[in-house]
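For reference, the chains in residue letters:
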Amino acid sequence: SVKERGRNGWEFFNPTLQEEAEKRLAISTGLRTAIDNNEFYARYQPIVDSESGMIRGAELLVRWRSSDGEISPGVFIPVAEMTGAIITIGRWVFEEGCKAERRWKAKFGEQAPYITINVSTRQLSEPLIIEEFQEILAETGADPTRIILEITETSLMADVSANREVLNRLATTGMRVAVDDFGTGYSSLAQLSRLKVNTLKIDREFVLGLDEGEEGQIVVSAISRLAKSLKLKIVAEGVETDEQRNTIRSIGCDLIQGYYYHPPLSEEALFEAVSTSLSQRTHNEQPLKFLI
Ligand code: C2E
Ligand code: MG
Ligand code: MG
Ligand code: MG
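Criteria and cut-off values
- Residues numbered from 1 in each chain as written.
- Chains lettered and ligands numbered in written order.
- Predicted model: local features only at pLDDT ≥ 70, side-chain atom pairs only at ≥ 80, totals over all residues.
- Heavy atoms only, no water.
- Helix = DSSP H or I, 4+ residues; strand = E, 2+ residues; numbered from the N terminus.
- Contact = heavy atoms within 4.5 Å.
- 1 Å grid on protein atoms, 1.4 Å probe; cavity = no way out; pocket = protein on both sides within 12 Å on 5 of 7 lines; lining within 4 Å.
- Points joined across faces, edges and corners; volume = space filled by probe spheres on them.
- Nonpolar A, V, L, I, M, F, W, Y, C, P; charged D, E, K, R; others polar.
- Donors = N, O, S within 2.8 Å, 3.2 Å for Na, K, Ca; no water.
- Near = heavy atom within 4 Å.
- Polar contact = N/O pair within 3.5 Å; in protein donor to acceptor, adjacent residues only side chain to side chain.
- Areas by Shrake-Rupley, 256 points an atom, 1.4 Å probe, with all protein chains shown as cover.
- Sits in = over half its atoms within 2 Å of the grid points.

The protein chain is annotated in an unreviewed UniProt entry as Diguanylate cyclase/phosphodiesterase with PAS/PAC sensor(S) from Magnetococcus marinus.

Structure follows, in structure tokens:
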């Protein structure tokens, strides 16, 4: 058992732990050269209006084609956060997101989807991060009002007072903030109301909970009412089924992200999906400014 290992210091001889440590080491070594070797690329998962089905935004999800094959961000991002590599990876991701925003605006004008970019709090604790964001925004010519930074609830709440200050400074750039994986981090209403955030993204865990019946629905409606009372937008993530979509819609979530609509897409596939969604437009959609 874990207890035994801890007491006797056997972890060094436990093959699975050793394998895991070796894997982490291999990942952290690989990450050091990944940018220079052009091993990262971006995918974009559409965020869809739950009423009309129209694509209103897309989340940038980083991918890593390493020399050992594809490694998922769920695996390498935590390692990158540990080693500090997230700083350079995060800069690459942000710049990539800014350039994408420019291209989308050039292609679709006012109808272009907004972009969300995941940001680790490790990045936000860099003293010059706001200046760096400003610099990249200026260099790429991206429109900050069409960019939303996603920060996980758990990491936001790990140091609320420091993060509150960063969020206040972030607001001066014109970019907005979404609380990612919301519901897993136990923030209080009081804490949330004092943070400059714009959107809550309900974690997939709670969308899965909808399948378990009434109890799951009560939780999601409570989150949705909380968001409305704080005048926050709400996005449900990980919607996979017709049933989940219908419940989410009836609960009043404005926006949905999930395989039910689209998986993460190449930019080419995103453009096609946006074009299709624009051609099916009914003109009853809420203007983007009410959604983000
Ligand atoms: P996240 O930000 O919560 O992103 C949503 C994840 O859920 C993505 O996994 C997406 O592919 C997946 N997903 C979306 N819809 C569905 C669905 O209907 N069903 C299921 N089963 N999954 C769905 P992905 O791309 O593997 O990313 C995992 C996590 O890695 C992200 O969670 C985010 O925390 C992190 N990540 C990804 N890209 C970046 C990045 O550029 N920077 C940072 N700091 N973290 C990133
Ligand atoms: Mg995210
Ligand atoms: Mg999320
Ligand atoms: Mg998530």
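Focus: the side chain of serine 50
Mapping serine 50 onto the fold places it in the loop between strand 1 (40-49) and strand 2 (55-66). What serine 50 contacts, discounting residues up to four positions off in sequence, is Arg249, Cys253, Asp254, Leu255, Ile256 and Tyr261.

Points about empty space enclosed by the protein
Inspection of every chain in the model, using the stated rule, returns two cavities of 30 Å³ or more. Taken together, Ile87, Gly90, Arg91, Phe94, Gln123, Glu126, Ile129, Glu132 and Phe133 make up the lining of the largest cavity. A per-element tally of the lining of the largest cavity places helix 4 (residues 86-108) first, with four residues. Tallied by class, residues from the lining of the largest cavity come to four nonpolar, two polar and three charged. Taken as a whole, the second largest cavity encloses approximately 50 Å³ of empty space. Listed by contribution, the elements that provide at least two residues to the lining of the second largest cavity are strand 4 (114-118), strand 5 (147-152) and strand 7 (199-202). A breakdown of the residues in the lining of the second largest cavity according to their chemical character gives seven nonpolar, two polar and two charged.

Some words on the coordination of the magnesium ion (ligand 4)
Within the protein, Asp181 (OD) and Glu237 (OE) serve as the donor atoms for the magnesium ion (ligand 4), at 2.3 to 2.6 Å. Between the magnesium ion (ligand 4) and the magnesium ion (ligand 2) there is a metal-metal distance of 6.0 Å. With aspartate 181 in strand 6 (residues 176-182) and glutamate 237 in strand 8 (residues 233-237), this pair connects stretches of sequence that are 56 residues apart.

With respect to the layout of surface pockets
As a volume, the largest pocket reaches approximately 950 Å³. Lining of the largest pocket is provided by 38 residues; of these, Glu59, Leu61, Asn118, Asp180 and Asp181 occupy positions nearest its centre. Residue assignment for the lining of the largest pocket shows that the elements contributing at least two residues are strand 2, helix 3 (73-83), helix 4, helix 5 (121-124), strand 5, strand 6 and helix 10 (204-209). Classifying every residue of the lining of the largest pocket gives 14 nonpolar, 13 polar and 11 charged.

Structural notes on the site of ligand 1
Close contacts around ligand 1 come from 22 residues, with Glu59, Arg63, Asp180, Glu240 and Tyr259 the closest. Between ligand 1 and asparagine 118, the relevant distance is 3.1 Å, taken from an oxygen atom to a side-chain nitrogen or oxygen of the residue. A distance of 2.5 Å separates a nitrogen atom of ligand 1 from a polar atom in the side chain of glutamate 240. For ligand 1, the protein covers 82% of the area, taking 800 Å² as the surface of the free molecule. Assessed atom by atom at 2 Å from the grid points, ligand 1 resides in the largest pocket. Of all the secondary-structure elements, those providing two or more residues to the shell around ligand 1 are strand 2, helix 3, helix 4 and strand 6. Classifying every residue of the shell around ligand 1 gives nine nonpolar, five polar and eight charged.

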